[in-house]
Amino acid sequence: MLATNNLCFRYQDSPVLTGLNLDFSAQAVTGLVGANGCGKSTLFMNLSGILRPQQGAVLWQGKPLEYSKRGLLALRQQVTTVFQDPDQQIFYTDIDSDIAFALRNLGVNEAEIARRVEDALTLVDAQHFRHQPIQCLSHGQKKRVAIAGALVLKARYLLLDEPTAGLDPSGRTQMIEVIRRIVGQGNHVVISSHDIDLIYEVSDAVYVMHRGEVLAEGAPGDVFSRADVMAKAGLTQPWLVKLHAQLGLPLCKTEDEFFSRMRNNSQGHTS
Ligand SMILES: Nc1ncnc2c1ncn2[C@@H]1O[C@H](COP(=O)(O)OP(=O)(O)OP(=O)(O)O)[C@@H](O)[C@H]1O
Ligand SMILES: [Mg+2]
């Protein structure tokens, strides 16, 4: 179980997170949305034990997180984070070593490492630039490498901070597939993004953050239908929610579902 209990965090004198009670274990995919500077990345760094709350706690398996070397190692074997900036987590110049690094540290055997690296690079579509030095990659390519580096760990919780920022449309589609696959294996995903359509499509539950607090929480369709909440948080509604709210069209979770329902409706009218 990964959750927070009244978590408060400040950098020097400025409070950033105040009284957060979040639970990431209730649903497979939890989405986090909020304007620039509302505290999403700071929250991710608290959840991964890089930053420590001054009040309240990160709860891991029902207990406050232990910040000893052993406690953090135990957390990081089960909770993996892909940070917003890929440069923050790429350490090697060659991709294979970089992705295999954490697995080697954990003592996983080389045959298993090779399998997992191969699979992760294919999933994020990074095979064609696999042999380039990392410092020569574009931002989006580095992001794919960082995501692959997290996937190989097969953690119970994958925390994704803006995973599609800088990715092209096919990278975005692949990210959705990656999330579905992780969830299909019984794991949890926590994802922050400014791509509200993506969050709406992939999340089972969402938290809307505003200045370090939770403004609203619940099922994405319910929360994102509340125009007042979205406006206060500085967000726009997903387009599928707008079609429902403004034109009374059926509320669909994905573009495919929407077009298929509209097609069926119009065939119903013409026959
Ligand atoms: N290292 C730091 N020292 C001091 N203040 C910081 C530091 N990092 C972030 N902040 C401040 O904390 C607040 C929250 O920043 P954070 O990066 O968590 O927001 P965010 O929701 O991830 O924003 P974005 O959508 O731009 O990624 C901001 O006001 C930011 O200026
Ligand atoms: Mg951020």
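Everything numeric here is computed off the predicted structure, so don't read it as measured data.

How should I be thinking about helix α1 (residues 40-47) in this particular structure?
Residues separated by three or four positions in an α-helix point in the same direction, a consequence of the helix having 3.6 residues per turn. Counting buried positions along α1 yields 7 of 8 residues, so the element is predominantly enclosed. For α1, the full list of buried residues reads Lys40, Thr42, Leu43, Phe44, Met45, Asn46 and Leu47. A positive phi of about 80° marks glycine 49, the residue just after α1.

Sorry if this is basic, but what is going on with the coordination of the magnesium ion (ligand 2) here?
Four donors placed tetrahedrally around a metal ideally meet at 109.5 degrees, and six donors placed octahedrally ideally meet at 90 or 180 degrees. The coordination sphere of the magnesium ion (ligand 2), as far as protein atoms go, consists of Ser41 (OG) and Gln84 (OE1), spread over 2.0 to 2.2 Å. Of this pair, serine 41 sits in helix α1 while glutamine 84 sits in the loop between β6 (79-82) and α3 (95-105), and the two are 43 residues apart along the sequence.

Please explain helix α4 (residues 110-123) as it appears in this structure.
The end-to-end C-alpha distance of α4, which contains 14 residues, comes to 20 Å, matching closely the 20 Å that a straight helix rising 1.5 Å per residue would cover. Restricting attention to buried positions, one finds in α4 the residues Ile113, Arg116, Val117, Ala120 and Leu121. For α4, the angular spread of the buried residues around the axis is 130°, confining them to a single face. Those residues of α4 that are buried are in contact with α3 and α5 (139-151). Structurally, the start of α4 carries an N-cap: the backbone nitrogen of alanine 111 is 3.1 Å from a side-chain oxygen of asparagine 109. In the stretch just after α4, aspartate 125 is the one whose phi turns positive, near 55°.

Whenever I open this one, the pairing of strand β2 (residues 14-23) confuses me. Can you help?
In the case of a regular strand, side chains alternate between the two sheet surfaces. Where strand β1 (residues 2-11) meets β2, 6 bridges bridge the pair, whose relative direction is antiparallel. Looking at β2, one finds that leucine 7 is bridged to leucine 20. Where β1 folds back on β2, the antiparallel hairpin that results is connected by 2 residues, among which glutamine 12 adopts a positive phi of roughly 40°.

Whenever I open this one, the site of ligand 1 confuses me. Can you help?
Around ligand 1, the surrounding shell consists of Tyr11, Val16, Ala35, Asn36, Gly37, Cys38, Gly39, Lys40, Ser41, Thr42, Gln84 and His194. Residue tyrosine 11 places a side-chain N or O atom 3.5 Å away from a nitrogen atom belonging to ligand 1. The backbone of serine 41 places a nitrogen or oxygen atom 2.9 Å from an oxygen atom of ligand 1. Out of a free accessible area of 640 Å², ligand 1 has 60% covered by protein chains. Looking at which element gives the most residues to the shell around ligand 1, the answer is α1, with 3 residues.

Explain the UniProt feature "domain: ABC transporter" (unreviewed entry) in the protein chain to me, please; I cannot follow it from the model alone.
The feature "domain: ABC transporter" (unreviewed entry), as given by UniProt, occupies residues 2-236 in the numbering adopted here. Along residues 2-236, the helical share is 39% and the strand share 25%, with 28 Å between the first and last C-alpha atoms.

Could you clarify how one ought to interpret the nonpolar core in this entry?
A general trend in soluble globular proteins is that nonpolar side chains are found buried together. By size, the foremost hydrophobic cluster in this structure holds 53 residues, and its most contacted members are Ile191, Val208 and Phe224. Valine 208 has contacts with Val33, Glu213, Val214, Leu215, Ala216, Val223, Phe224, Val229, Ala233 and Leu235, leaving out every residue within four places of it along the chain. Formed by 28 residues, the second largest nonpolar core is a distinct cluster that contains Val16, Leu17, Cys38 and Tyr207.

What am I meant to see in the sheet that holds strand β8 (residues 188-192) here?
Strand order across the open sheet formed by 6 strands is β6-β7-β8-β3-β9-β10, with mixed pairing between neighbours. Only two strands of the sheet have a single partner each, and these edge strands are β6 and β10 (213-218). Recorded for the sheet is a direction-independent mean angle of 15° between the axes of neighbouring strands. Here 4 bridges tie strand β3 (residues 29-33) to strand β9 (residues 205-210), and the two strands are oriented parallel to one another. Directly across from valine 33, in β9, lies its bridge partner valine 208. Lying on the sheet, α1 is in contact with β3, β6, β7 (157-161), β8 and β9; it crosses β7 at an angle near 150°. Together, β6 and β7 form the strand contacts of helix α2 (residues 69-78), whose direction differs from that of β6 by roughly 70°.

The rules behind the values
Residues numbered from 1 in each chain as written. Chains lettered and ligands numbered in written order. Predicted model: local features only at pLDDT ≥ 70, side-chain atom pairs only at ≥ 80, totals over all residues. Heavy atoms only, no water. Buried < 20%, exposed > 50% of the residue type's maximum accessible area, 1.4 Å probe, protein only. Helix = DSSP H or I, 4+ residues; strand = E, 2+ residues; numbered from the N terminus. Donors = N, O, S within 2.8 Å, 3.2 Å for Na, K, Ca; no water. Expected span 1.5 Å × (residues − 1). Arc of directions from axis to C-beta. Contact = heavy atoms within 4.5 Å. Polar contact = N/O pair within 3.5 Å; in protein donor to acceptor, adjacent residues only side chain to side chain. Pairing = 2+ DSSP bridges. Near = heavy atom within 4 Å. Areas by Shrake-Rupley, 256 points an atom, 1.4 Å probe, with all protein chains shown as cover. UniProt positions renumbered as here; feature names shortened; annotations may be inferred. Core = buried A, V, L, I, M, F, W, Y, C linked by side-chain atoms within 4.5 Å. Axes fitted to C-alpha atoms, helices over the stretch in contact; angles between N-to-C directions.

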